[in-house]
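Listed here are the chains, written in short residue letters.
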Amino acid sequence: MSSEPGPGLPFLPGCAFRDPMKTSFHRSQTLGYKNGFAFSRLPTVGIGGERLYVNQLSQAELDELSNKRPTLIYGQAKHAPPSGFIPAHVAFDKKILKFDAYFQEDVPLSAEEHYRIRQVGIYYYLEDDSMSVIEPVVQNSGLPQGKLIRRHRVPKNDRGDHYHWKDLNRGMNITMYGRIYRIVDCDPFTQVFLESQGIELNPPEKMVFDPYTELRRMPMRKYVTPSDFDQLKQFLTYDKQVLRFYAMWDDTDSMFGENRPYIIHYYLADDTVEVREVYKQNDGRDPFPILIKRQRLPKTFVDKKKTFPSCVLEISDQEVLEWYTAKDFAVGKSTTLLGRTFFIYDCDEFTRNFYRDKFGITDFQPVEIKKKPLEEVPQVIPPYNGFGILEDSLQNCFSLLPKPPRKDVIKMLENDHKVLRYQVALESPNPEDRKRRFILSYFLSNDMISIYEPPLRNSGIIGGKYLGKTRVAKPGSTTENATYYEPSDLTIGSTIEVFGHRFVITDADEYVLNYMESNAESFPAATLQSLRDHFRPRQVVKETAKSDIPMLGTSKQELDELIVQVQEELKLHKYLNNKSIREAFLQCDKDGSGILDKAKFLALCDSLSVPTSAFLVNKLIDLCSCGEDKINYHDFLRAFPS
């Protein structure tokens, strides 16, 4: 019975299925006869004729049987006896492979060489696979030469491998301890050994030599043709003969530069040039008379290479193409000496004669040097930052050590201890601030203003100094044209703005009126008139009081009797509040003079329901009248005791 598992199923019970088309279930014959002899053979098919792969030989087994046919017939072959064992240290004793190599070394701190080539020999010892690197010693090289790497097995990589002679060849790089060696050639024994071991050698390369060493070993020959110019003759002919030129160096383009005079000396004996400074008395410069010492000055340089240093200590004929000579100096022309341009405007008499005889030049007209007018730089004043007084802060823009601004001493002495005092009210949308009263003091000696708030009990506002002594600028004034408040600006009812706060002047001292009347020519008429109109009611009261002095006893007695009668009559009017009446009259009198207009007085009485139509009350109002349209309400309020 044969059954096979389904595709992808294990060969387990329940996972195999029988073939329903299978009808043959016989077993194959394994016995047979050949040449009269019985023998058994392994079955090749199973039950039902299914092919078996277990008892068949593989292709590898068949190949092995085909190769063993002679052995099966003739038996095992007989081998020659092995030769004697020779160890490696005996077989390769004193056999060394030698390779010629070099490596490149950087030279960072040298202007003459940037790298150095060092030739070495790499030795490989076959007996123990060790290596060493030896550099031939060169005398006076200044380098530590000789054995660079001692004999040992050199590691090849980080995995523990070591270099073998199979890794070495000509024309390749080998790295040992971070240094790269270039193998260029080997000796004949090494070449024969490697070729006998089946290694194909690369063609040999040419050994590279150190360029700096070769340069020193073979110096370049220089051939200098001697000049036919006789310097001794020049010295003997022109000794102590000097050309003198007067020149100017214009340095006004640089900061703090100026036109400075110089004297240029040209020595005919050796063609040297000297530049001396010209000093004047009290010019503020140190006495260094020589600007350029006596030397030959280059006029044209040879085109420099990029490798040539930009700064050299000495200039020789190799770097200079042309030197300055006497024909390069002329009156009225500019000459550049070591980067500075000098304008020659005159020369001495000996110089004129020399140029006239030597070069035939006759034009020696001196050039007049005109000084350039100094460019006026406008002074820019920064905006006022709000700290301190404007004039005091402005002094910092004029001097490094600022001085206090000048004061009018005569004005200070004449107006010392003279102060104009005004009563001002704060103009504010807050009703609590509108009730606050301040004392504004104007000091005539220095035109300063101070503001003081008298303390008021139970007001919730701490009184005291509101503004210290300072000058107050008018609105709209600028730092360039600052205008300050003056006594002429302080009129009754006017508004002044002090650092963003607006105050209304409501009253003033009588001293203010007296001072302005005594100096009426210094104040405008409108200011003086506003003060006179403000103080006129008070003067009327005073004059009335003085005129009534002879009848004072009688009037006062009658007034007291009338007030008592009015009080008895007002007791019938129980709705009247004496305290509110007194507060209303005091609040209505803003200037505190005690005088009110009659129309305003009657309107206030009507609003407070005071019976002004009563006979006694009307008589009291007549007795309290001051003139035609004014009423002294202080006597009237005596009828309303608090």
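None of these values were measured; they are calculated from a predicted model.

Now for the nonpolar core. Counting residues in each nonpolar core, the largest one holds 27 residues, and the members touching the most others are Y422, L440, I451 and F503. Beyond its immediate sequence surroundings of up to four residues, F503 is in contact with V424, A425, L426, F438, I451, Y466, S494, T495, I496 and V498.

In the structure shown here, the tally under the stated rule is 26 salt bridges. Linking R471 and E391 is a salt bridge whose minimum nitrogen-to-oxygen distance equals 3.5 Å. Highlighted residues: R471 in the loop between β22 (464–470) and β23 (495–498) and E391 in helix α8 (residues 390–394), separated in sequence by 80 residues. Taken together, the shared-partner salt bridges connect E105, E113, R116, R118 and E135 into one network.

For the rest of this paragraph, the subject is the sheet that holds strand β7 (residues 130–135). What the six strands build is an open sheet, ordered β8-β7-β6-β5-β10-β9; its pairing is antiparallel. Lying at the two open borders of the sheet, with one neighbouring strand each, are β8 (146–152) and β9 (172–176). Recorded for the sheet is a direction-independent mean angle of 30 degrees between the axes of neighbouring strands. Alignment of strand β6 (residues 115–125) against β7, held across five bridges, turns out to be antiparallel. In the sheet register, Y124 faces β7, and the bridge partner there is M131. Helix α4 (residues 188–196) rests against β5 (96–106) and β10 (179–186) of the sheet, and its axis sits at about 110 degrees to β5.

Backbone phi values are negative for most residues with the exception of glycine, while trans is the configuration of most peptide bonds. Positive phi outside glycine occurs at D447, with the angle close to 60 degrees. When you line up the elements, D447 lands in the loop between β20 (437–443) and β21 (448–453). Of note, N458 is a non-glycine position whose phi angle comes to about 60 degrees, a positive value. Position of N458 among the secondary structure elements: in the loop between β21 and β22.

Spatially, β22-β21-β20-β19-β24-β23 is the arrangement adopted by the six strands of the open sheet, whose pairing is antiparallel. Pairing within the sheet leaves two strands with one partner each, and these edge strands are β22 and β23. Along the sheet, successive strands turn relative to each other by an average axial angle of 30 degrees, direction set aside. Note: strand β19 (residues 419–427) against strand β24 (residues 501–508), six bridges, orientation antiparallel.

As a further point, take the packing of helix α14 (residues 578–588) against helix α15 (residues 598–607). The description of two packed helices rests on the angle between their axes and on the distance between the axes. Two numbers describe how α14 lies on α15: the axes approach to 11 Å, and their chain directions differ by 150 degrees. Accordingly, the angle class assigned to the pair α14 and α15 is roughly antiparallel. Crossing of α14 over α15 shows right-handed handedness. Contacts from A584, F585 and C588 of α14 reach α15 at K600, F601, L604 and C605. For the contact of α14 with α15, the per-class residue count stands at six nonpolar, no polar and one charged.

Next up on the list: the packing of aromatic side chains. Within the structure shown, the criterion is met by 19 aromatic pairs. Ring geometry for F103 and Y181: centres 5.5 Å apart, planes at 70 degrees, overall edge-to-face. Of this pair, F103 sits in strand β5 while Y181 sits in strand β10, and the two are 78 residues apart along the sequence. Each member of the pair, F103 as well as Y181, is classed as buried. For the ring pair W165 and F193, a centre distance of 5.3 Å and an interplane angle of 70 degrees mean the geometry is edge-to-face. Here the residue W165 occupies a position in the loop between β8 and β9, and F193 occupies one in helix α4, the gap between them amounting to 28 residues. In textbook terms, an aromatic cluster arises when at least three aromatic residues are bridged by ring pairs, as seen for Y238, F245, Y266, Y324, F329, F354, Y355 and F359. Across the ring face of F103, the terminal group of R179 is positioned such that the distance to the ring centre comes to 4.3 Å.

About the thresholds
Residues numbered from 1 in each chain as written. Predicted model: local features only at pLDDT ≥ 70, side-chain atom pairs only at ≥ 80, totals over all residues. Heavy atoms only, no water. Core = buried A, V, L, I, M, F, W, Y, C linked by side-chain atoms within 4.5 Å. Buried < 20%, exposed > 50% of the residue type's maximum accessible area, 1.4 Å probe, protein only. Contact = heavy atoms within 4.5 Å. Salt bridge = Lys/Arg side-chain N within 4 Å of Asp/Glu carboxyl O. Helix = DSSP H or I, 4+ residues; strand = E, 2+ residues; numbered from the N terminus. Pairing = 2+ DSSP bridges. Axes fitted to C-alpha atoms, helices over the stretch in contact; angles between N-to-C directions. Parallel < 35°, antiparallel > 145°, perpendicular 65-115°, else oblique. Left-handed = near helix turned anticlockwise from the far one by under 90°. Nonpolar A, V, L, I, M, F, W, Y, C, P; charged D, E, K, R; others polar. Phe/Tyr/Trp six-rings, centres within 6.5 Å; stacked < 30°, edge-to-face > 60°. Lys NZ or Arg CZ within 6 Å of the ring centre and 35° of its normal.

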